[in-house]
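# A closer look at the structure
Now for the letters of each chain:
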Amino acid sequence: MAVLIVRNIDDGIVQALKERAARHSRSAEAEHRLILARALLGPRKQSFAQVLAGMPNVGEDEDFERNNDGKDADVFS
């Protein structure tokens, strides 16, 4: 395993890291490793096309047609 040294970190960030680590019953070093792993190796955000492709088929197109009964409904009131 590699060793990573991070210099010139603001004291407030270090304190926040220590507090977060304490809340999770971990050392600051372990918390730092977990933050880095989640930020860099976590699941990637999906594109809009991927989200659309993942949506289930829930009906026919006709099920979602606009009902225009002659009234212009104000959907924002």
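A brief structural summary. (Residues numbered from 1 in each chain as written. Predicted model: local features only at pLDDT ≥ 70, side-chain atom pairs only at ≥ 80, totals over all residues. Heavy atoms only, no water.)

So, about the overall build of the protein chain. Helix and strand counts for the protein chain stand at three helices and zero strands. Tracing the protein chain from N to C terminus, the helices and strands come up as α-α-α. Of all 77 residues assigned to the protein chain, the portion counted as buried reaches 3%. Entry remark: accessible area of the protein chain is about 7,800 Å², with carbon and sulfur atoms responsible for 54%. (Helix = DSSP H or I, 4+ residues; strand = E, 2+ residues; numbered from the N terminus. Buried < 20%, exposed > 50% of the residue type's maximum accessible area, 1.4 Å probe, protein only. Areas by Shrake-Rupley, 256 points an atom, 1.4 Å probe, with all protein chains shown as cover.)

Geometry of a packed helix pair, given as the angle between the helix axes and the separation of the axes. Viewed as axis vectors pointing N to C, helix α1 (residues 11–23) and helix α2 (residues 28–41) meet at an angle of 95°, and their least axial separation amounts to 8 Å. Taken together, the axes of α1 and α2 lie roughly perpendicular to each other. Judged by residue contacts, Leu17, Lys18, Arg20 and Ala21 of α1 engage Ala28, Glu31, His32 and Ile35 from α2. Here the residues of the contact of α1 with α2 are counted per class, giving four nonpolar, one polar and three charged. (Axes fitted to C-alpha atoms, helices over the stretch in contact; angles between N-to-C directions. Parallel < 35°, antiparallel > 145°, perpendicular 65-115°, else oblique. Contact = heavy atoms within 4.5 Å. Nonpolar A, V, L, I, M, F, W, Y, C, P; charged D, E, K, R; others polar.)

Remember that the coordinates give geometry; whether it matters functionally is a separate question.
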